[in-house]
Amino acid sequence: DEASLHPDMLHRDLARWDCQRVGERADVRWPADELVWLSPDAGEPLSTLDPDVTYVVSGLVDRSVLSGRSLERSRAAGGRAVRLPLRECAPRPDVHPILSVVSVVSMLAAVNSGASWEEAIGAALPKRFMERREAEAAARGE
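Treat the numbers as computed from the prediction; the structure is a model and nothing was measured. (Residues numbered from 1 in each chain as written. Predicted model: local features only at pLDDT ≥ 70, side-chain atom pairs only at ≥ 80, totals over all residues. Heavy atoms only, no water.)

Undergrad: Is there a simple way to explain a negative patch on the surface in this structure?
TA: A grouping of Asp33, Glu34, Asp50 and Asp52 is seen on the molecular surface, where their side chains present a negatively charged patch. Exposure remark for Asp50: the relative accessible area of 34% places this residue in the partly exposed category. (Patch = residues over 30% accessible without salt bridge, like charges linked within 9 Å, V, L, I, M, F, W, Y side chains within 5 Å. Areas by Shrake-Rupley, 256 points an atom, 1.4 Å probe, with all protein chains shown as cover. Salt bridge = Lys/Arg side-chain N within 4 Å of Asp/Glu carboxyl O. Lys, Arg positive; Asp, Glu negative; His and termini not counted. Charge placed at Lys NZ, Arg CZ, Asp CG, Glu CD. Buried < 20%, exposed > 50% of the residue type's maximum accessible area, 1.4 Å probe, protein only.)

Shown next, in the form of C-alpha cells:
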C-alpha cells in the first residue's frame, strides 16, 4: 500500500519494529554476533531483514565524508557489515550511498512493514540525490 510508504507514515512503520536510540556503543550493549552494521562501504548488500539481529545505524557528522569509517567500526566491534541495496534497487544505480540516519531508518521501517526495497528506497531517497545524478549524466551527454 503506497500510503504506508509516505514519509508522514514513518512513525506507524516504526511502531511495528523495536527501534531505539541508545546512548552507549552498540558493541557494548549487544553481543557482536547479534549486530549488523549498515555501512555504505560494505561489499554485501542487505537483502532481507532478520528479526534476530540488531541493525546499527549511525551517523558521522563531519564536513567531509570519511570513507570506510563505519566499516572500520563494525570490524573493530567484531560485527558483520552490510550496505543498503542502493546499486541493485534504487531508481539509478549511481545514487550517492551516503544517506541521513532518517532516510536509512525510513527505508528499513518500510521494508519491515512489507514494502520492497525498490519501493522503500524510492520513497525515502532524497529527490536531490536523483536530480544531481541526472544533471551529471545530462552534462556528460548520456
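Undergrad: Sorry if this is basic, but what is going on with the pattern of salt bridges here?
TA: Between side chains of opposite charge, a pair can form when the charged atoms approach closely. Tallying each qualifying case throughout the model produces five salt bridges. For Glu44, the salt bridge goes to Arg80, with nearest N and O atoms at 2.8 Å. Separated by 36 residues along the polypeptide, Glu44 in the loop between β1 (35-38) and β2 (54-56) and Arg80 in strand β3 (residues 80-82) bring together distant segments of the chain. On the accessibility criterion, Glu44 (39% relative accessible area) is partly exposed. Overall, Arg80 belongs to the partly exposed group, its relative accessible area being 42%. Across the pair Arg92 and Asp94 runs a salt bridge whose closest N-O atoms are separated by 2.9 Å. (Helix = DSSP H or I, 4+ residues; strand = E, 2+ residues; numbered from the N terminus.)

Undergrad: When you look at the sheet that holds β2 in this model, what are you seeing that I'm missing?
TA: Read across the open sheet, the three strands follow the order β2-β1-β3; overall the sheet is parallel. Bordering the open sheet on either side are β2 and β3, each of which pairs with just one other strand. Looking at each pair of strands side by side, their axes are set apart by 30 degrees on average, direction ignored. As defined by bridge partners, β1 adjoins β2 across three bridges and the pair is classed as parallel. Within β2, the position partnered with Val36 by the bridge is Tyr55. (Pairing = 2+ DSSP bridges. Axes fitted to C-alpha atoms, helices over the stretch in contact; angles between N-to-C directions.)

Undergrad: Got a minute to help me understand the pairing of β1 in this structure?
TA: The side-chain alternation of β1 yields two buried faces, one formed by Leu35 and Trp37 and the other by Val36 and Leu38. Relative to β3, β1 runs parallel, the two sharing three bridges. Residue pairing in the sheet places Trp37 in a bridge with Ala81 of β3.

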